[in-house]
Amino acid sequence: MTWNTTGLDELPVYEKLMKLARNPFDLTAPGALSPERISNYKASAAGFDLLYSTQRLDDSVVNGLQQLADQSGAVDQFLAMKRGAVMNRIEGHASENRQVLHTACRDIFSDTPYNSEATQQARQQLEKLKVFLEQLDSGEIANERGEAFTEYVNIGIGGSDLGPRALYLALSAYAQKNRRVHFISNVDPDDGAAVLQNLDLARTLVGVVSKSGSTLETLTNEEVARAAFAAAGLNPRDHFVAVTGQGSPMDDPQKYLRSFYMFDSIGGRYSATSMVGAVMLGFGLGYDAFIEILRGANEMDRAAEKRDIRNNPALLLAVLGIWNHNFLGHQTVAVLPYSQGLLRFPAHLQQCDMESNGKSVNRKGEKVLHKTGPIVWGEPGTNGQHAFYQLLHQGTTVVPAEFIGFRHGQYTMDLEIEGTTSQQKLIANLLAQSLALASGRKDENPNRLFAGNRPSSILLADKLEPHTMGGLLALYEAKIVLQGFIWNINSFDQEGVQLGKVLAGRFLEHMRIVHQGGARDTDKHPQSWAMLEAAGILPED
Ligand code: G6Q
């Protein structure tokens, strides 16, 4: 390994940044937010501009953050990841031991991909998908009555739901005629019922997405859906499609109309551009739109390799996040898209970021002595303005914000009312929020005072389309892994979700015992039995 594998706090630049953080740039000072600063503090790549003059930094901090990126070898590690280094492991301890190759899914446009084996696998799956979608379009594959499928239900959870769903919702303005996509993820029976009861199942395909083929929620919901098809007199085999790992318990062609594969080197939360997103998005938006998503993501993957943070929005966003979190001490970050299409993008980022970087040990299993991933949350603006922005402006917790906006809307329907269009109103609000958070406002009335100095960045692109959506997805994926490299943690495993799964299994076992009239082994597991009793879930003995 050529990169530095020490923690953030051991890098030579750490002390310098700590010192600078004691007296961060005052955004409220007269003339601080000068026109020159606003135009200079801007990084552009792959169709995105990142405006960061409203962060609490000056040139010496920017230089320090550049050194931070350099000294951590973040870009070298990113390149090694793309080439197929085994990045998903904890040295000296039992752990996953895998390559991390989600970028290979979109490296399909080059004759010399970074990892030819993984890209070849991706190409083969895409070819298979293309044929399947053509057969659906031509009517070669149709329902029992020879009608075209118009509905698609995606059953999956976590990485097999959030990213793909966020992408579909972002791009549903471009959905193909007579094609709609629906989602079931929660094991809550109401989730499945609400979707299934409103569909013409005869014209519905179901995509069951599970890399492991063993996830409780997904397998349960698959059975719920199969039962609904059987009850409607339909053969599930003619309607169900699988997206799973090769050799997983779900890899059974007898049960599915088609099976598509995802591979070990692609983690769930990074899998939206693999078959996990491809099959559903291909059905809903068309194959070409999906390829455009890949093209945009690939463009950003390449832009994220640049070493100069001033020319690399993903790397810049990563080090700005570290500046706010580790040096200025802000615990959370709000992602605030000014785009209704990005309704579920913050939810995807919550998973992608917090499951990746919510870690307490480094890549050798040693306790880290600095903060790792922040709490990520968000909602689309302007709705959020009428909800939680009060706290953002005047609360006692400073929340750095990442605004995301587009210069044009997706639909052509936009009226000029009182001299401005709705799109203009939207963008004006975005810019105003960033400025208000930064500059604040003096007022003799303490209740009307805005302290300012609340940092934010603005990410802007022309229009939310498949290409830009791919770029945005890849930008955040890169931000997250680059931060993980700088923190020297493994951003690719998720051991923290295991304990709850094991304990849920125990509660279910207890319920099964009671249901079947067996003896309660309360001596062995007193806490779980007591919790079931206290929750009023069990019948009286
Ligand atoms: C993501 C996680 C997790 C996973 C789900 C679904 O990185 O691994 O969210 O995607 O638990 O897993 P399956 O796809 O195996 O059903």
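The following paragraphs examine the structure supplied in this document. (Residues numbered from 1 in each chain as written. Predicted model: local features only at pLDDT ≥ 70, side-chain atom pairs only at ≥ 80, totals over all residues. Heavy atoms only, no water.)

Here we take up a nonpolar patch on the surface. A surface patch of nonpolar side chains, about 390 Å² in accessible area, is lined by V187, L216, L508, M511 and I537. With respect to the helices and strands, the residue V187 is situated in the loop between strand 4 (180–184) and helix 7 (189–196). Residue classification places V187 among the partly exposed positions, given a relative accessible area of 35%. (Patch = residues over 30% accessible without salt bridge, like charges linked within 9 Å, V, L, I, M, F, W, Y side chains within 5 Å. Areas by Shrake-Rupley, 256 points an atom, 1.4 Å probe, with all protein chains shown as cover. Salt bridge = Lys/Arg side-chain N within 4 Å of Asp/Glu carboxyl O. Helix = DSSP H or I, 4+ residues; strand = E, 2+ residues; numbered from the N terminus. Buried < 20%, exposed > 50% of the residue type's maximum accessible area, 1.4 Å probe, protein only.)

It is worth spelling out the pattern of salt bridges at this point. A full pass over the atoms with the stated rule returns 23 salt bridges. Note that R307 is salt-bridged to D76, the shortest N-O span being 2.9 Å. Taken as a pair, R307 in the loop between helix 10 (287–303) and helix 11 (313–327) and D76 in helix 4 (residues 74–83) lie far apart in primary sequence, 231 residues in all. One salt bridge in this structure joins E151 and R180, with 2.5 Å as the shortest N-O distance. In this pair, E151 sits in strand 3 (residues 151–155) while R180 sits in strand 4, placing the two residues 29 residues apart along the sequence. E151 gets classed as buried once you look at its relative accessible area, which sits at 6%. According to the relative accessible area criterion, R180 is partly exposed, its value standing at 44%. Among the charged side chains, a salt-bridge network with shared partners connects D49, R407 and D462.

A few words on the sheet that holds strand 2 (residues 48–51). What holds strands together in a sheet is hydrogen bonding between their backbones, with the strands either parallel or antiparallel. One open sheet accounts for 6 strands, arranged 1-2-13-10-8-9; its pairing is mixed. A single partner strand is all that each edge strand has here, and the edge strands are strand 1 (42–45) and strand 9 (375–377). Direction aside, the axes of adjacent strands within the sheet are offset by 20° on average. By the bridge criterion, 4 bridges tie strand 1 to strand 2 in an arrangement that is antiparallel. Residue pairing for strand 2: S44 is matched across the bridge by D49. (Pairing = 2+ DSSP bridges. Axes fitted to C-alpha atoms, helices over the stretch in contact; angles between N-to-C directions.)

Now for the site of the ligand. Among the 13 residues in the neighbourhood of the ligand, the closest are listed as S160, S210, S212, T215 and Q351. Between the ligand and the protein, one listed contact pairs an oxygen atom with a backbone N or O atom of G159 at 3.0 Å. Coverage of the ligand by the protein chains reaches 85% of its 400 Å² of free accessible surface. Here the residues of the shell around the ligand sort into 1 nonpolar, 9 polar and 3 charged. (Near = heavy atom within 4 Å. Polar contact = N/O pair within 3.5 Å; in protein donor to acceptor, adjacent residues only side chain to side chain. Nonpolar A, V, L, I, M, F, W, Y, C, P; charged D, E, K, R; others polar.)

As a further point, take the packing of helix 5 (residues 116–138) against helix 9 (residues 275–285). The contact between helix 5 and helix 9 brings their axes to 10 Å, and the two run at 20°. Judged by the inter-axis angle, helix 5 sits roughly parallel to helix 9. Viewed along their axes, helix 5 and helix 9 form a crossing whose handedness is right-handed. Of the residues in helix 9, those touching helix 5 at Q125, L126, L129, L133 and L136 are M275, A278, V279, G282 and F283. Within the contact of helix 5 with helix 9, the residues separate by chemical class into 8 nonpolar, 2 polar and no charged. (Parallel < 35°, antiparallel > 145°, perpendicular 65-115°, else oblique. Left-handed = near helix turned anticlockwise from the far one by under 90°. Contact = heavy atoms within 4.5 Å.)

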